[in-house]
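# Structure assessment
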Amino acid sequence: MPDSADLAALVPPPGATAVLVTAGGEVLFGRGAGATGVAVGEVVFNTAMTGYQEVLTDPSYAAQIITFTFPHIGNVGANPEDIEATTPAARGCILRADITAPSNFRARQGLEAWLISRGLVAMVGVDTRALTRRIRDLGAPNAVLCHDPDGNFDLPALMEKARAFPGLEGLDLTDSVSCTQTHVWTQTRWELGQGYGEQDAPSRHVVAIDYGAKHNILRCLASAGCKVTVVPARTAAEDILALKPDGVFLSNGPGDPAATGRHAVPVIKRLIDHGMPLFGICLGHQMMGLALGAKTFKMALGHRGANHPVKDLTTGKVEITSMNHGFAVARDSLPAGVEETHVSLFDNVLEGLKVTDRPVFGVQYHPEASPGPQDSHYLFRRFTDLIDRAA
Ligand SMILES: NC(=O)CC[C@H](N)C(=O)O
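As annotated in an unreviewed UniProt entry, the chain carries the name Carbamoyl phosphate synthase small chain and comes from Roseospirillum parvum. One UniProt comment on the chain, placed under Sequence similarities (unreviewed entry), says "Belongs to the CarA family."

This part covers the UniProt feature "active site" (unreviewed entry) in the chain. Feature annotation in UniProt places "active site" (unreviewed entry) on Cys282, His366 and Glu368, given in this structure's numbering. Over a stretch of 87 residues, the named residues converge on one spot in the fold, their C-alpha atoms separated by at most 11.3 Å. Classification of histidine 366 by C-beta neighbours within 10 Å gives buried; the count is 26. Each residue touching histidine 366, except ones within four places of it in the same chain, is listed here: Asn252, Ile281, Cys282, Thr321, Ser322, Met323, Asn324 and Gly372. Tracing the chain through its elements places glutamate 368 in the loop between β19 (360–363) and α10 (378–390). If near-sequence neighbours (up to four positions away) are discounted, glutamate 368 is found in contact with Lys214, Asn216, Ile217 and Cys220.

Ranked by internal contacts, the top residues of the largest apolar core, which has 55 residues, are Ala208, Ile209, Leu218, Leu221, Val228 and Val248. Beyond its immediate stretch of four places on either side in the chain, valine 248 contacts Val206, Val207, Ile209, Ile240, Leu271, Met276 and Leu278.

Once that is clear, we can look at the sheet that holds strand β6 (residues 121–124). Strand order in the closed barrel formed by seven strands is β1-β2-β6-β5-β4-β3-β7, and the pairing between neighbours is mixed. Averaged over all adjacent pairs, the angle separating strand axes in this sheet is 40 degrees, with direction ignored. Of the strand pairs in this sheet, strand β1 (residues 18–22) and strand β2 (residues 27–34) are connected by four bridges, and their pairing is antiparallel. The residue bridging valine 21 from the neighbouring strand is valine 27, located in β2.

Okay, the packing of helix α8 (residues 257–274) against helix α9 (residues 283–291) next. Between α8 and α9, the least distance of the axes is 8 Å, while the angle of their chain directions is 70 degrees. As judged from the angle between their axes, α8 and α9 are roughly perpendicular. The element α8 and its partner α9 pack so that their crossing is right-handed. Residues Pro257, Ala258, Thr260, Gly261, Ala264, Val265, Ile268, Lys269 and Ile272 of α8 pack against Leu283, Gln286, Met287, Met288, Leu290 and Ala291 of α9. Among the residues making up the contact of α8 with α9, the classes are represented as eleven nonpolar, three polar and one charged.

In the numbering used here, UniProt assigns the feature "domain: Carbamoyl-phosphate synthase small subunit N-terminal" (unreviewed entry) to residues 16–146. Annotated as 18% helix and 31% strand, the span residues 16–146 places its first and last C-alpha atoms 11 Å apart.

Strand pairs in the sheet, formed through backbone hydrogen bonds, run parallel or antiparallel to each other. Strand order across the open sheet formed by ten strands is β8-β12-β11-β13-β14-β19-β18-β17-β15-β16, with mixed pairing between neighbours. The open sheet has two free edges, formed respectively by β8 (183–185) and β16 (318–329), since each of these has just one partner strand. Across this sheet, the average inter-strand angle for adjacent strands is 25 degrees, counted without regard to direction. Of the pairings in the sheet, the one linking strand β14 (residues 278–281) to β19 comprises four bridges and is parallel in character. Looking at the pairing, phenylalanine 279 lines up with phenylalanine 361 of β19.

All right, on to helix α5 (residues 155–164) then. Turning to α5, its buried residues number three or more, namely Leu155, Leu158, Met159 and Ala162. Taken around the axis of α5, the buried residues stretch over an arc of 100 degrees, which confines them to a single face. Buried residues along α5 sit against α1 (4–8), β1, β2, β3 (37–46) and β7 (142–147).

The rules behind each value
Residues numbered from 1 in each chain as written. Predicted model: local features only at pLDDT ≥ 70, side-chain atom pairs only at ≥ 80, totals over all residues. UniProt positions renumbered as here; feature names shortened; annotations may be inferred. Buried ≥ 20, exposed ≤ 12 C-beta atoms within 10 Å, placed from the backbone. Contact = placed C-beta atoms within 7 Å. Helix = DSSP H or I, 4+ residues; strand = E, 2+ residues; numbered from the N terminus. Core = buried A, V, L, I, M, F, W, Y, C linked by C-beta atoms within 7 Å. Pairing = 2+ DSSP bridges. Axes fitted to C-alpha atoms, helices over the stretch in contact; angles between N-to-C directions. Parallel < 35°, antiparallel > 145°, perpendicular 65-115°, else oblique. Left-handed = near helix turned anticlockwise from the far one by under 90°. Nonpolar A, V, L, I, M, F, W, Y, C, P; charged D, E, K, R; others polar. Arc of directions from axis to C-beta.

Right under this line is the structure:
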């Protein structure tokens, strides 16, 4: 493994204004883009070919630096609609090609200006295919991404910074991305020519626990006919029950489910015991698993993209899904009475579960897509059917 002296001896190539330094001492130079400064986190790759704005605003990417496997990122620019959360969570991004001027009727800004406005550090002009292979073969590294227009890099200090990052295992990050106030969500899904809609006359009441919820999940719930009351991540079970919901939704979110589960699992257990219809997505699904007595584990590189095939074991149908997870529920830890409902056809990881005698289910992937195909939207209907049957 390279040491500080090896790193101090490295001379950046001419024109290098950004560098990625891993905790293991690997160094990758490129050209800086977006905000200047230093970003610390776990480096992961996403294989989606579209929807970079949704990916970069997904709160589940807190404390992560994203490299896109698609080489041309930025072609459609940025617009104020394709935003999954207003607070920045991802730390930065790494791109193959230079960011070019936008060409899309919805663009209001170029990607470069948008990255700066969100404080996202970026690096372009690097071999993202080699970086992706490295992540695939050796796992997702902790690293520091530094953008300095003068190209002054203290590489040993950057490596130390990467080493000081504790890694995602054991990290509860929901407080940094959850809402702070209870509020009602009324926006519905985007339609071409109309944009987002506003809900009218919802017939069911769902409380969504916000561990870092993507907006499109809330829109899908609103479009499925639910009045959606969004509550902060640490809301007590009794306060949720006092809102008299017909069902409770457990959102996606960043970090380690076992760490966030320390405060969230007792709340989820109480709701399950109460007989409440429950639907969990990603982090919400993982913590539902923990509440039922299953275990979660950290995957070597995780699943991130918009092209992951999943089989619904309850219908035999295969759907192409959107994913972003680095942890998963361990199949062999599922207790009696909890059934696996979905499985990844890429690597056989458990992607969904349900409780046999209660109205409780969750999926590991992202049925709201954003970005990605809409094959899995049926799950919102499955939730409202459960609510209606439990009424
Ligand atoms: N999208 C999510 O909710 C991600 C859940 C969790 N942080 C993981 O990486 O597995």
